[in-house]
Amino acid sequence: MPKKEGKSHFYGRTISVVDDLSVDEQLYLYRKTAELKQLIREGGDTSDFRIDDPELGVYLMFFENSTRTKESFRNAAAFHNVKLNNFDAQTSSFNKSESIGDTIKMLFGYSNRSVFIMRTAQEGVCSMLDELLGEYAKKIGYDKPAFLNGGDGKHEHPTQEFLDEYTFLEKKGWDNSEIHIALTGDLFHGRTVHSKVDGLKVFKKVKVDLIAPEDLSLPEHYEQRMIDNNYEVRRFDSIDDYFEQSSVADIWYFTRLQLERMGDEVKEKAKYLRAAVTFREEFMSKLPEGTKFYHPLPRHKVYPVIPGFLDRTPLNGWDEQSMNGYFTRIIEIGMVAGKIGNDFEGTAKSFAKIKKEFIEEIPVTRKSKVQDRYKVGIKPVEEGIVIDHIGRGEELDHIWNLIDRIRRILSLNCRSSHGVFHTSDPDDFKGIISLPDVLSFDEKELKKLAAIAPGCTLNIIENSSVKKKYRLHMPPRIYNFDEISCKNENCISHPSEHENIATDFYRSSETTFICRFCDTSHKYHEIWDI
């Protein structure tokens, strides 16, 4: 049922990535945008959409240069008649190495109710600030501030994605049954493309054609997420290759080559890369009727992937797309500031708590003495712990590395021994660590052990017999360990950023972890600093 009173459904929400809104919440945003756009164009009464509260602080925090995103948000905030603060990072004390967290805390103190619109080179900033300022707001008795991500590094750009999806729906006459879209250009660095992994979920059936040479191709983990979302995904090396087949999309989304983010080796191929993703006049006859081209803008003035001869053709959808940024951003500010959302109906975004079960007790089926089973160490374990099945089935070097990591990360500097042995199969090896003086591990140590060597078993030895046996599975979440870090140097949680943030990973598969801040994918053995 829709909410009728009190603060709106979206009040204080942070939108760091597209998936911070459910599909129903995104569709609500688009419906309200359509209502507002019609009212503005017809000169109607827009007071139901206007916050009209000069005590609400809206801060434009653009640490990267921007024209369209910043100006559309500035005008959207002006529509609302709020206290608009345009933060100039170039002339601020931020250039004196002040932390982002401290900067936002200071500004937050000036307004009990605040919305921060962020654009940063670092990735995951809005997620970090949402956590940090949420705790700080409770401490000082202020309402929790909201954060809107206007683009962070090569991570995501959800506010661009919302105006894109709104534009696609307009083009399709609000039919969200299916979409066939070609994504072409710099898919590797293009954060607007990365946001489409979840943004396109507003359509019930999705067919995505990825057109880019290997150096510009969509990162594998984003493509896999598209597949996991049940999209039909196809790859092509160039527009020429794409037109060699007959199933051509009627919605094209181009992105410029972001040479400023590329290494010298890739830059040397710039001419070839541009040619692969630049539309040419000879392709016109191969497009389906009603095709529209879109681009997040700006285009490169010398090497545009959508050349100027297309500007006055019916293919031009990017001009209307750009204007839609103003309307969608009015709604976004209104939603998180609490003005818009009381009439929301549908399924809200669920922020489910992660289950902690990763320790499985298994029955002790063999009542033998330890010396019959674990002939490891100075003498058989009488009281203590034996870690068994370390890296079972892996290569010998890998098992030895796991043993070394376990000993170093758990600081097992005690009377003990270890080794690599084969099982009943002479070609099947496992590692064992014998700890005759260690009687227990706490939960944090168990989680570390499970994350280092998932699948190992923990044998509790009493009176020279195995009394209890546990199998450790990969934990669903690994965080707040001194020995781990995100390996994306552009992530706000990376040690080089000095923001004093606890590293936080959540498991996406049996062996893969995702950084909670920047969404970078890591194999489980990659998260450790040792």
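Keep in mind the model is a prediction, meaning the values are calculated, not measured. (Residues numbered from 1 in each chain as written. Predicted model: local features only at pLDDT ≥ 70, side-chain atom pairs only at ≥ 80, totals over all residues. Heavy atoms only, no water.)

The next point concerns the sheet that holds strand 8 (residues 251–254). If you trace the 5 strands from one edge of the open sheet to the other, you get 7-6-5-8-9, paired in parallel fashion. At either margin of the open sheet sits one strand with a lone partner, and together these are strand 7 (232–236) and strand 9 (292–294). Each neighbouring strand pair of the sheet contributes to a mean axis angle of 20 degrees, computed without reference to strand direction. In this sheet, strand 8 lies alongside strand 5 (residues 179–184) in parallel orientation, the contact comprising 4 bridges. In the sheet register, Leu 183 faces strand 8, and the bridge partner there is Tyr 253. (Pairing = 2+ DSSP bridges. Helix = DSSP H or I, 4+ residues; strand = E, 2+ residues; numbered from the N terminus. Axes fitted to C-alpha atoms, helices over the stretch in contact; angles between N-to-C directions.)

With that out of the way, let us pick up the pairing of strand 7. In the sheet, strand 6 (residues 206–211) pairs with strand 7 via 5 bridges, with the strands oriented parallel. Residue pairing in the sheet places Asp 209 in a bridge with Arg 234 of strand 7. Taking the sense of rotation as the criterion, the β-α-β connection linking strand 6, helix 8 (residues 220–228) and strand 7 turns out right-handed. (Right-handed = clockwise from strand over helix to strand, strands pointing away.)

This part is about helix 13 (residues 396–409). Taking 1.5 Å of rise per residue, 14 residues should cover 20 Å, and helix 13 covers 20 Å from first to last C-alpha, within 8% of that figure. Within helix 13 the residues assigned to the buried category are Ile 399, Leu 402, Ile 403, Ile 406, Arg 407 and Ile 409. Elements that come into contact with the buried residues of helix 13 comprise strand 11 (384–390), strand 12 (417–422), strand 13 (429–435) and helix 14 (443–452). Just downstream of helix 13, Ser 411 is the residue with a positive phi angle, here 50 degrees. (Expected span 1.5 Å × (residues − 1). Buried < 20%, exposed > 50% of the residue type's maximum accessible area, 1.4 Å probe, protein only. Contact = heavy atoms within 4.5 Å.)

Bringing the packing of aromatic side chains into the picture now. Summed over all chains, the structure comprises 24 aromatic pairs. Arranged with centres 5.0 Å apart and planes meeting at 35 degrees, the rings of Phe 243 and Phe 283 form a pair that is tilted. Of this pair, Phe 243 sits in the loop between helix 9 (239–242) and strand 8 while Phe 283 sits in the loop between helix 11 (270–277) and strand 9; the two residues are 40 residues apart in sequence, bridging distant segments of the chain. Assigned by exposure class, Phe 243 and Phe 283 land together as buried. (Phe/Tyr/Trp six-rings, centres within 6.5 Å; stacked < 30°, edge-to-face > 60°.)

The method is simple in principle: a probe with the dimensions of a water molecule rolls over the atoms, and the space it marks as empty is what remains. If you add up the space inside the second largest pocket, you get close to 620 Å³. Of all the secondary structure elements, the ones that give two or more residues to the lining of the second largest pocket are helix 2 (68–79), helix 5 (158–171), helix 6 (191–194) and helix 12 (318–336). Here the element with the most residues in the lining of the second largest pocket is helix 12; it accounts for 5 residues. Residues belonging to the lining of the second largest pocket are distributed by class as follows: 5 nonpolar, 17 polar and 8 charged. Taken domain by domain, the makeup of the lining of the second largest pocket includes at least three residues from each of domain 1 (14–157 + 326–337) and domain 2 (174–314). (1 Å grid on protein atoms, 1.4 Å probe; cavity = no way out; pocket = protein on both sides within 12 Å on 5 of 7 lines; lining within 4 Å. Points joined across faces, edges and corners; volume = space filled by probe spheres on them. Nonpolar A, V, L, I, M, F, W, Y, C, P; charged D, E, K, R; others polar. Domains from an automatic or database assignment.)

So, about the packing of helix 1 (residues 23–42) against helix 12. Closest axis-to-axis distance for the helix 1/helix 12 pair is 9 Å, and the angle between their directions is 115 degrees. One way to sum up the angle between helix 1 and helix 12 is to call them roughly perpendicular. Of the two elements, helix 1 crosses helix 12, and the hand of that crossing is right-handed. For the pair helix 1 and helix 12, the contacting residues are Tyr 28, Leu 29, Lys 32, Thr 33, Leu 36, Lys 37, Ile 40 and Arg 41 in the first and Glu 320, Met 323, Asn 324, Tyr 326, Phe 327, Thr 328, Ile 330, Ile 331, Glu 332 and Met 335 in the second. Within the contact of helix 1 with helix 12, the residues separate by chemical class into 10 nonpolar, 3 polar and 5 charged. (Parallel < 35°, antiparallel > 145°, perpendicular 65-115°, else oblique. Left-handed = near helix turned anticlockwise from the far one by under 90°.)

Glancing now at the domain arrangement of the protein. According to the domain assignment, the protein consists of domain 1 (14–157 + 326–337), domain 2 (174–314) and domain 3 (359–475). The gap between the C-alpha centroids of domain 2 and domain 3 is 51 Å.

Before going further, it helps to spend a moment on the packing of helix 5 against helix 12. At a minimum axis separation of 8 Å, helix 5 and helix 12 run at an interaxial angle of 115 degrees. For helix 5 against helix 12, the interelement crossing comes out right-handed. Taking contact as the criterion, the partners of Thr 159, Gln 160, Phe 162, Leu 163, Asp 164, Tyr 166, Thr 167 and Glu 170 in helix 5 are, on helix 12, Glu 320, Gln 321, Asn 324, Gly 325, Thr 328, Arg 329 and Glu 332. Of the residues belonging to the contact of helix 5 with helix 12, the class tally is 3 nonpolar, 7 polar and 5 charged.

A cis amide bond links Leu 297 with the next residue in sequence, Pro 298, at an omega value of 5 degrees. If you trace the backbone, Pro 298 turns up in the loop between strand 9 and helix 12. If you check the backbone angles, Asn 463 has positive phi at about 55 degrees while not being a glycine. Note that Asn 463 resides in the loop between strand 14 (457–462) and strand 15 (465–472).

Moving on, we come to the pairing of strand 8. Alternating positions in strand 8 separate into two faces, Ile 251 and Tyr 253 on one and Trp 252 and Phe 254 on the other, with burial throughout. Bridge analysis of strand 8 against strand 9 gives 3 bridges, and the strand direction is parallel. Note on strand 9: the bridge partner recorded for Ile 251 is Lys 292.

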